[in-house]
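What follows is the residue order along each chain.
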Amino acid sequence: MTSAVPAPPANPTSSPDSTPSVETRSTPGKKAPKQYSERARAERRLGWLLAGPAFVVMLLVTLYPILQATYESLFQFRLTAPDERQFVGLGNYGVILTDSVWWRDLGTTLLITVITVAVELVLGFALALVMNKALKSVRGVLRTAILVPYGIITVVSAFAWFYAFDINSGYVNSWFDWLPGIDENLNWFAQTGTALFVIMASEIWKTTPFISLLLLAGLAQVPDELSEAAKVDGATWWEQMRKVIIPNMKAAIMVAVLFRALDAFRIFDNVFIMTNGAYGTEVLSLLAYRQSISRLEIGLGSAVSVLLFLCVLIISFVAIKLFKVDLAGTQGGKG
Amino acid sequence: MPTSRRTQNAVKNRRHAAVVAGVLAGTLLMSGCGPAASDNTLTWYINPDAGGQAAIAERCTAESDGRYSIETSLLPSDAASQREQLARRLAAGDSSLDIMSLDPPFVPELAGFLAPVPDDVAAATTENVVEGALAGATWRDELVAVPFWANTQILWYRESVAEAAGLDMSAPVTWDQIMDAAESQDKDLGVQGAQAESMTVWVNALVESAGGSIVTNPEAPADEIELDLVSDAGREAARIISTIGEEGLGGPGLATQNENASLDLFQSDAGSFMVNYPFVWPATVGAVDAGTLDEAVLDDIGWSIYPRVYDDESAAAPLGGIDLGVGAESDNPELAYEAVQCIVSVENQAEYFVTNGNPPSNTEAYEDPRIADSFPMAPVIRDSLQDAAPRPQTPFYNEVSTGIQQLWAPPSEVDPETTPEQSTDFITAVLRGERLL
């Protein structure tokens, strides 16, 4: 299949009149040469100068709080009793990791992550296909319509979903009472299962557009020649999809999954608005919020935040190393 | 020539840009860090209401003859979020916290960040103030905040339902009586079963009415605090809550029901009895005036003192309200206390009750003739306040309350045999730093 791939487009970063330089891109060999031409060196210097300020700001707003939280997590420290601050080493981590609440919340968070990402991937792919194939005349309207949920602030959409399902003000119970299990007395937010269903549905409704946009970008990169050639060879629609299109956009799919998984794992707004963690719907971000913001236990809360951060790191590591997600990859389906 | 003009233009543009940037930066700096409009401006952090506190601020500013001017700043809508914001600001030494509207249960926790109440102010603002409101503003036998208004729950009932059930409402009734009445008439009770602060309010009122207390030594350090839920009072409270939950007496929405949802239920055809704050009266009158509620509902509403747990022991109704604190870091604590004295004046308390439905903490304010017109149940409210019991006055109230909420909601899962013990163990472990909340 890959033999049919046309020559990759010219490296977009180099200007048309530049002399061919010895950049890493143009030498696909495993060991990149350390010697750069004068021009490449100047470009690299300029690159650092341009990216430098943003890099420094990034360090200030991310690295500093991370270090501060890690430091605070070693203390027993209540904001309203600053004089009683006491060094406890890894004690806070011990309390958290031996507490069933942490593991229950981790389970809830993982459940939400896995289900929402899986559903969003399928729905997002379908939407991307529709957007890709839509007639030119309706393409703009269609893309805007699909993007609307993503443009709504999460807190607003959470309230909208909450009031729709709420037993006092909601209309869902009366509109859908013909479905088994739904009647006017169903209190969606009183049990774990139904509450999580609404939370996940709201999350999926809101972020599927994001994943479909990423997938659309991947879809646009699959050269038409490939599917045309497959069609000429007599491949069905399903075969084209499975053997030509999806393998060629693997990188885009993996990037979409990774980004959404990290986002979904840090879910907060929907749960905070709809149930505030009641009845088994508490997630890890809310647990961290409860310790540091509600209880003002800065030490314990920081430790939860650090553990949450480690979880995010692990997800990224697994995705990048094990599934070989190429974050810089623009051309999918190399393998 | 064209090149030099282009350069000139570029220089001019750049200069323009620099001027614009300079002005912008200047504006930002001035707005962020500049001195306040004048030195005698006091900021009053208020909880959301129907505009009554802002009106009082204006009145007191006008009456001060320019000695001070009060600006209001709005806090979040629920009590827990109000506490979070105030605690963060106080701990960070925010000097803009001149006057704060404080929920009484959070007074002990924030007491260390408040400016001491001058003796003359304490003497002038505590006369004729109901017992519960005074207790709520006191920490370790010292007045640390000034009682402003005092809230309490009373029993609201539909006269038609009580009559049909044969209940004599002229005397205090018990929880068992209203539970039986609601069941016999196939109606729902308006109680707050949501996993929220209102659940602790309910549990505390039941335990106190049964002669117990949730916390026996509220002034102790975190790891020495003792709970007394494993007692007859705790078990009786659990029995009432679990019966209402298990038998569906609170309706299908019980597990997520807060004060507003209870009112909606009470106004509906399923309404029977409801424990709730006085705000329900202006809300119901307003709904009738707006045409969203049938006037017959309003005419059918009666009120009585909070239901008893035992028929021979008077009830300890929930106590809420707002106390006024002055920040220790305030630039003008004397001026702030002068303003506080104006805010809590008898006239202002009466006016606030009439316009916003928040009852005075000062019994003298109930003499105001306007109150009898707008709040025919004012005498019941005043009597209820005298017997009302505050929630545990401990700096660790948030832990105690959140712990109770997590184990006493939903009501259908409460078990009189196990819930009191489980919640005692859980809260004690949290306070000792052994468990997450």
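Analysis parameters
Residues numbered from 1 in each chain as written. Chains lettered and ligands numbered in written order. Predicted model: local features only at pLDDT ≥ 70, side-chain atom pairs only at ≥ 80, totals over all residues. Heavy atoms only, no water. Helix = DSSP H or I, 4+ residues; strand = E, 2+ residues; numbered from the N terminus. Buried < 20%, exposed > 50% of the residue type's maximum accessible area, 1.4 Å probe, protein only. Contact = heavy atoms within 4.5 Å. Areas by Shrake-Rupley, 256 points an atom, 1.4 Å probe, with all protein chains shown as cover. Expected span 1.5 Å × (residues − 1). Buried area = accessible area lost by both parts, 1.4 Å probe. Salt bridge = Lys/Arg side-chain N within 4 Å of Asp/Glu carboxyl O. Polar contact = N/O pair within 3.5 Å; in protein donor to acceptor, adjacent residues only side chain to side chain. Nonpolar A, V, L, I, M, F, W, Y, C, P; charged D, E, K, R; others polar. Domains from an automatic or database assignment. Phe/Tyr/Trp six-rings, centres within 6.5 Å; stacked < 30°, edge-to-face > 60°. Lys NZ or Arg CZ within 6 Å of the ring centre and 35° of its normal. Patch = residues over 30% accessible without salt bridge, like charges linked within 9 Å, V, L, I, M, F, W, Y side chains within 5 Å. UniProt positions renumbered as here; feature names shortened; annotations may be inferred. Disulfide = S-S within 2.5 Å.

Peer 1: I tried to follow the overall build of chain B on my own but got confused; where do I start?
Peer 2: Counting its secondary structure elements, chain B contains 19 helices and eleven strands. Along the first, second and third principal axes, the C-alpha atoms of chain B reach 100 × 55 × 55 Å. Burial analysis of chain B (437 residues in total) assigns 55% to the buried set. Long-range contacts, defined here as pairs at least 24 residues apart, represent 74% of the contacts in chain B between residues at least 6 apart. With an accessible surface of roughly 18100 Å², chain B has 48% of that area assigned to carbon and sulfur atoms.

Peer 1: Honestly, helix α13 (residues 298-322) of chain A in this entry has me stumped. Any pointers?
Peer 2: Since one α-helical turn is 3.6 residues long, residues separated by three or four positions face the same way. If you check α13 of chain A, its first and last C-alpha atoms are 35 Å apart, about what 25 residues at 1.5 Å a residue would give, namely 36 Å. The first or second residue beyond α13 of chain A is Lys 324 of chain A, which carries a positive phi of 50°.

Peer 1: Which parts of the structure should I look at to understand the interface of chain A and chain B?
Peer 2: The interface of chain A with chain B comprises 29 residues on the first partner and 30 residues on the second. Taken over both partners, the interface formed by chain A and chain B buries close to 2400 Å², and the fraction arising from carbon and sulfur atoms is 53%. Among the residues of chain A in contact with chain B, Arg 78, Tyr 279 and Arg 295 of chain A are the three that bury the most area, contributing 26% of the side total. At the surface where chain A touches chain B, the tally comes to four salt bridges. For Asp 99 of chain A, the salt bridge is made with Arg 435 of chain B, and the minimal N-O distance between the two is 3.0 Å. Remark: the boundary between chain A and chain B carries 14 residue pairs in polar contact (both at pLDDT 80 or more). Mapped onto the side of chain A that touches chain B, the elements with two or more residues apiece are α2 (91-97), α3 (100-133), α12 (284-294) and α13 of chain A. A per-element tally of the side of chain A that touches chain B places α12 of chain A first, with six residues. Looking at the side of chain A that touches chain B residue by residue, the classes come out as 16 nonpolar, eight polar and five charged.

Peer 1: Please explain the environment of Thr 428 of chain B as it appears in this structure.
Peer 2: Residue and element names in this part refer to chain B. Inspection of the secondary structure puts Thr 428 in helix α19 (residues 419-431). Taking the C-alpha atoms as reference, Thr 428 lies 8.6 Å from Ala 222; in sequence the two are 206 residues apart. Apart from residues lying up to four places away in sequence, Thr 428 is in contact with Ile 225 and Leu 227.

Peer 1: It is not clear to me how the domain arrangement of chain B should be interpreted in this structure. Could you clarify?
Peer 2: Interface size is commonly expressed as the accessible area that is lost once the parts come together. All names here are of chain B. Domain boundaries in chain B define domain 1 (41-144 + 320-387) and domain 2 (152-317 + 393-431). Here the C-alpha centre of domain 2 lies 26 Å away from the C-alpha centre of domain 1. Every contact between the two is made by 23 residues of domain 1 and, on the other side, 22 residues of domain 2. In total, about 1900 Å² of surface goes out of reach between domain 1 and domain 2, with carbon and sulfur atoms giving 66% of it.

Peer 1: How should I be thinking about the packing of aromatic side chains in this particular structure?
Peer 2: Aromatic rings considered in pairs are described by the distance between their centres and by the relative angle of their planes. Residue and element names in this part refer to chain A. Under the definition given, this model contains 29 aromatic pairs over all chains. With a centroid separation of 4.9 Å and 85° between ring planes, the pair formed by Phe 165 and Trp 188 is classed as edge-to-face. Here Trp 188 lies in the loop between α6 (172-175) and α7 (192-220) and Phe 165 lies in helix α5 (residues 154-165), a separation of 23 residues in the sequence. The exposure classification of Phe 165 matches that of Trp 188, with both residues buried. Here a set of aromatic residues connected by ring pairs shows up, and it is made of Trp 161, Phe 165, Trp 188, Phe 197 and Trp 205. Cation over ring: Arg 85 sits above Phe 75, and NZ or CZ is 4.3 Å from the ring centre. The cationic tip of Arg 85 hangs over the ring face of Phe 77; the distance from NZ or CZ to the ring centre is 4.9 Å.

Peer 1: Mind showing me how you'd approach unusual backbone geometry here?
Peer 2: The bulk of non-glycine residues show a negative phi, and the bulk of peptide bonds are trans. Residues and elements named next belong to chain B. Of note, the bond from Ala 409 into Pro 410 is cis; its omega dihedral lies within 30 degrees of zero at -5°. Counting through the fold element by element, Pro 410 comes out in the loop between α18 (397-408) and α19. With a phi angle near 55°, Asp 65 is a residue other than glycine that sits in the positive phi range. With respect to the helices and strands, the residue Asp 65 is situated in the loop between α2 (52-63) and β2 (69-74).

Peer 1: How should I be thinking about a nonpolar patch on the surface in this particular structure?
Peer 2: Residues and elements named next belong to chain A. There is a patch of nonpolar side chains on the surface, built from Trp 48, Phe 55, Leu 59, Leu 63 and Leu 67 and spanning about 540 Å² of accessible area. Tracing the sequence through the fold places Leu 63 in helix α1 (residues 38-72). Judged by its relative accessible area of 39%, Leu 63 falls in the partly exposed class.

Peer 1: Explanation requested: the UniProt feature "transmembrane region" (unreviewed entry) in chain A in the structure shown.
Peer 2: Residues and elements named next belong to chain A. In this numbering, the UniProt entry assigns the feature "transmembrane region" (unreviewed entry) to residues 46-67, 110-130, 142-165, 185-205 and 298-320. Strand forms 0% of residues 46-67 and helix 100%; the C-alpha atoms that close the span are 30 Å apart. The span residues 110-130 is 100% helix and 0% strand, and its two end C-alpha atoms sit 30 Å from each other.

Peer 1: What exactly am I supposed to notice about the state of the cysteines here?
Peer 2: Linking two cysteines covalently via their sulfur atoms produces the bond known as a disulfide. Residue and element names in this part refer to chain B. With the rule as written, the count across this model stands at one disulfide over all chains. Put simply, Cys 60 and Cys 342 are joined by a disulfide, and their sulfur atoms are 2.0 Å apart. The S-S bond linking Cys 60 to Cys 342 shows a torsion near -95°; that makes this disulfide left-handed. Separated by 282 residues along the polypeptide, Cys 60 in helix α2 and Cys 342 in helix α14 (residues 333-343) bring together distant segments of the chain. For Cys 342, a relative accessible area of 12% translates into the label buried.

Peer 1: What is the right way to read the pattern of salt bridges from this model?
Peer 2: Between side chains of opposite charge, a pair can form as their charged atoms come close. Considering all chains together, one arrives at 26 salt bridges over all chains under this definition. With a closest N to O distance of 3.3 Å, Glu 297 of chain A and Arg 78 of chain A form a salt bridge. In this pair, Glu 297 of chain A sits in the loop between α12 and α13 while Arg 78 of chain A sits in the loop between β1 (75-76) and β2 (86-87), placing the two residues 219 residues apart along the sequence. Overall, Arg 78 of chain A belongs to the buried group, its relative accessible area being 8%. Residues Asp 368 of chain B and Arg 370 of chain B are paired through a salt bridge, measuring 3.2 Å at the closest nitrogen-oxygen approach. Within this structure, Arg 78, Arg 295 and Glu 297 of chain A together with Arg 83, Glu 109 and Glu 399 of chain B form a network of salt bridges that share partners.

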